[in-house]
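Each chain, letter by letter, is given below.
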Amino acid sequence: MYEKNAHMAEAGDRLSCQKRVPEKYKRKKDVLNAVQKVTKTRSARRVKKPSLHGPSHGKVSQERKAAGQISMDEFNWTDTIKECPVYRPSKEEFEDPLVYVQKIAPEASKYGICKIVSPLGSSAPAGVVLMKEQTRFKFTTKLQPLRLAEWNNSDKITFFTRGRNYTIRDFEIMANKATARRYCISGCLPPAYVEKEFWKEMTFAKTGMVEYGINIDGSAFSSTFTDDPLGCSKWNFKILPRLQRSALRLLVNEIPGVTDPMLYIGMLFSMFAWHVEDHYLYSINYHHCGAAKTWYGVPGHEALQFENFIRHRVYNEEILSENGVNGVFNILQERTTMVSPKILLQYGVPVYKAVQMPGEFVITFPRAYHSGFSHGFNCGEAVNFAIGEWFPFGAAASERYALLGKVPIIPYEELLCAEAMLLSKSSAHRPYCTADLIDVRCVMTSFSCLLRSYHRARWCLEKSKTSLRMCSKPQGSFTCILCKRICYVAYLECKCYAGPICLFHDFETFNCLCGSSCSLFVTEDISTMEAVAQMFEAEEGMRCEVEQKMKSLPYLWIQTLFPRIQGKYRPYCEIMSSSIQNVDTGITMSMIRRSSAQGKQMRNKKKKRPSIYKLSDLVSMR
């Protein structure tokens with residue numbers, strides 16, 4: 001069994017024809033005949049290279065050639081990919097990771113990814129840390145096919161077939177043997193050469209497999225070595241997420257699994273397919289030891305272009321679960337789509353590259369698609385985080401999750417409201433630098449748009465349902481039974497549905513039959529929140545920015561109701577808030593849990609988080 005699994009795991013190992021000869025061929029003549037038979041069989045399997053379709057129609061096909069037809073000159077395109085920015089901060093600049101990321105973000109985010117060379121070294125080897133601080137550390141690998149898919153139902157690749165259990169030492173031995181069989185040595189390979197070899201192997205369409213240890217709970221940063229400069233710094237991934245200010249600490253304190261560090265242990269050609277981070281969060285990745293890792297990144301502002309390319313040039317419509325780019329996003333989040341940067345560049349999608357060496361960090365920015373592969377055995381670590389500039393991306397991600405009916409991991413509305421309320425208390429006493437001003441304005445704009453949206457929805461409901469009751473809702477967030485959106489500011493209760501309904505649905509489209517029995521539950525702080533939003537909009541240029549943003553928000557279905565509703569709407573006009581009733585909600589926790597049943601498996605993977613969050617807990621974190 002061991003030999004069979006090890007045989008499958010050899011990274012791109014070109015098995016000799018002799019190894020494939022059945023044991024019954026004992027004599028030399030029989031062996032030669034068997035070799036000829038295998039060679040003929042392999043030749044018969046060669047696939048004719050498909051041509052690329054024109055820009056107006058057709059799908060892009062992955063390039064497939066037999067080994068004998070491949071010339072390394074065909075992969076010179078790898079040398080034309082532009083490098084992402086590389087930063088070399090001083091020890092003073094390196095003091096606070098979130099401050100430094102905020103400083104470089106205006107430039108670096110234009111590339112989707114960037115590399116940071118650490119001025120501090122680590123004196124605690126990753127293997128020693130894992131051995132001493134994580135007793136009996138073992139992990140299970142995932143098998144990955146070393147080929148490009150045909151992107152249709154008959155050829156749907158999965159990267160997540162269960163592999164073997166390893167100690168890190170056993171995996172290193174296996175990985176180094178696989179590399180040495182191919183290149184005689186297991187290290188010191190030129191990155192440019194390995195990159196060409198990777199894409200050469202991917203075009204072979206062979207049945208080879210590689211193994212990758214992904215999403216392994218744990219950290220190789222030391223917490224006991226006091227003489228380790230990097231481990232004692234704020235760049236230690238056990239510490240970094242807890243540096244997030246104010247309400248963003250909820251990501252750490254109440255949603256474990258979102259910002260817990262994860263280890264990634266790879267071998268030659270282990271790959272991570274094109275994807276964005278959950279909820280468009282930032283990610284920071286550190287290379288602890290081993291061979292280099294190549295990264296490819298598409299800037300966040302080009303994400304829609306990337307998704308449209310995948311939609312129109314790659315996937316057949318029958319394998320998309322949803323129409324449009326949302327269906328593409330859904331399937332890309334399965335993290336099984338490897339597309340050559342060459343094809344992306346040919347169709348005008350910008351791609352940037354980084355070669356990450358031990359001791360270097362790679363940052364991925366919100367909504368930046370990224371992929372890559374390992375050059376041999378290595379050990380890396382990653383963690384998600386957020387700063388104020390993330391909130392506009394968080395709004396877009398939450399909307400996309402709702403459109404797809406995906407259960408969110410993060411209670412975006414509650415995070416935003418808590419952050420805004422804390423900001424309103426501290427803004428009058430705190431001077432802001434330029435970077436902080438960008439951070440603060442992102443929070444202000446996102447919060448004002450959210451409060452305007454809810455106010456408009458409440459106004460429309462009051463006009464369209466004259467007998468609607470308004471009630472004070474319990475503290476916390478509730479999951480919409482229809483779209484799985486996590487609502488904090490307000491929700492509806494209707495006898496037609498056994499659970500909360502968010503305000504971003506048109507009641508006329510889902511046949512609400514109960515009429516006057518609808519109740520609108522709003523947070524008791526709604527008046528204070530609206531006053532804070534108006535205070536934010538009084539800042540110079542903020543109102544214009546908010547109004548511009550409101551026009552582009554995709555979930556404002558309320559706009560479609562305006563022609564049918566009499567009366568002219570004004571932002572923050574007087575509505576029913578003065579007559580809020582203090583009544584018990586008819587929605588029980590069991591209903592909320594039922595509405596979130598589809599997300600139970602996801603929450604188990606991310607470690608469980610509570611269904612309701614208290615604002616008092618958020619404020620106490622200040």
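Summarised in this report is the structure supplied together with it. Note that the structure is a prediction, hence the values are computed from the model and not measured.

Here phenylalanine 272 shows up in strand S8 (residues 271–275). Look at phenylalanine 272 and you get buried, because its relative accessible area is 13%. Distance from phenylalanine 272 to glutamine 144, taken between C-alpha atoms, is 9.6 Å for residues 128 residues apart in sequence. Aside from chain neighbours lying at most four places away, what touches phenylalanine 272 is Tyr212, Lys293, Thr294, Trp295, Met338, His370, Ser371, Gly372 and Phe373.

Applying the stated criterion across every chain yields a total of 16 salt bridges. With a closest N to O distance of 3.3 Å, lysine 115 and glutamate 360 form a salt bridge. Of this pair, lysine 115 sits in strand S3 (residues 113–117) while glutamate 360 sits in strand S12 (residues 360–364), and the two are 245 residues apart along the sequence. Overall, the relative accessible area of 11% leaves lysine 115 in the buried class. Ionic pairing is found between arginine 182 and glutamate 201, a salt bridge with its closest N-O pair at 3.3 Å. Of the two residues, arginine 182 is situated in helix H5 (residues 168–183) and glutamate 201 in helix H6 (residues 191–204); the sequence distance between them amounts to 19 residues. The two residues arginine 182 and glutamate 201 agree in class, both being buried. One network of salt bridges, in which partners are shared, links Arg452, Glu537, Arg543 and Glu547.

Moving on, we get to the side chain of lysine 473. As for its position among the elements, lysine 473 is in the loop between strand S15 (469–472) and strand S16 (478–479). Although lysine 473 lies buried, it forms no salt bridge, and the closest oppositely charged side chain, glutamate 414, sits 7.4 Å away as judged by the N-O distance. A polar contact of 3.0 Å, which involves the side chain of lysine 473, links it to the backbone oxygen of tyrosine 488. Those residues in contact with lysine 473, other than ones at most four positions away along the chain, are Phe478, Tyr488, Val489, Ala490, Tyr491, Phe521, Val522 and Thr523.

Another point: the packing of helix H8 (residues 303–314) against helix H9 (residues 324–332). Between H8 and H9, whose axes approach to 9 Å, the crossing angle comes to 90 degrees. Of the possible angle classes, the one that applies to H8 and H9 is roughly perpendicular. Together, Leu304, Phe306, Glu307, Asn308, Ile310 and Arg311 of H8 and Gly324, Val325, Val328, Phe329 and Leu332 of H9 make up the contact between the two elements.

For cysteine 184, which is not glycine, the phi torsion reads 75 degrees and is therefore positive. Examined against the element boundaries, cysteine 184 turns out to sit in the loop between H5 and H6. The phi torsion at lysine 484 lies on the positive side, around 70 degrees, for a residue other than glycine. Here lysine 484 lies in the loop between S16 and strand S17 (486–487).

Here we come to the pairing of strand S19 (residues 519–522). Burial along S19 is two-sided: the face carrying Ser519 and Phe521 and the face carrying Leu520 and Val522 are both buried. In the sheet, S15 pairs with S19 via 4 bridges, with the strands oriented parallel. Within the sheet, the bridge partner assigned to serine 472 lies in S19 and is valine 522. By the bridge criterion, 4 bridges tie strand S18 (residues 490–493) to S19 in an arrangement that is antiparallel. Residue pairing for S19: leucine 492 is matched across the bridge by leucine 520.

Take the nonpolar core next. Counting 80 residues, the largest nonpolar core has Ile116, Ile284, Phe361, Trp390, Phe447 and Leu520 as its most contacted members. Among the elements that line this core, the one with the most residues is helix H13 (residues 434–464), at 10 residues. Not counting residues within four places of it along the chain, the set of residues in contact with phenylalanine 361 comprises Phe94, Cys114, Lys115, Ile116, Ser118, Leu230, Trp235, Phe237, Ile284, Asn285, Tyr286 and Gln356.

Thresholds, definitions, all that
Residues numbered from 1 in each chain as written. Predicted model: local features only at pLDDT ≥ 70, side-chain atom pairs only at ≥ 80, totals over all residues. Heavy atoms only, no water. Helix = DSSP H or I, 4+ residues; strand = E, 2+ residues; numbered from the N terminus. Buried < 20%, exposed > 50% of the residue type's maximum accessible area, 1.4 Å probe, protein only. Contact = heavy atoms within 4.5 Å. Salt bridge = Lys/Arg side-chain N within 4 Å of Asp/Glu carboxyl O. Lys, Arg positive; Asp, Glu negative; His and termini not counted. Polar contact = N/O pair within 3.5 Å; in protein donor to acceptor, adjacent residues only side chain to side chain. Axes fitted to C-alpha atoms, helices over the stretch in contact; angles between N-to-C directions. Parallel < 35°, antiparallel > 145°, perpendicular 65-115°, else oblique. Pairing = 2+ DSSP bridges. Core = buried A, V, L, I, M, F, W, Y, C linked by side-chain atoms within 4.5 Å.

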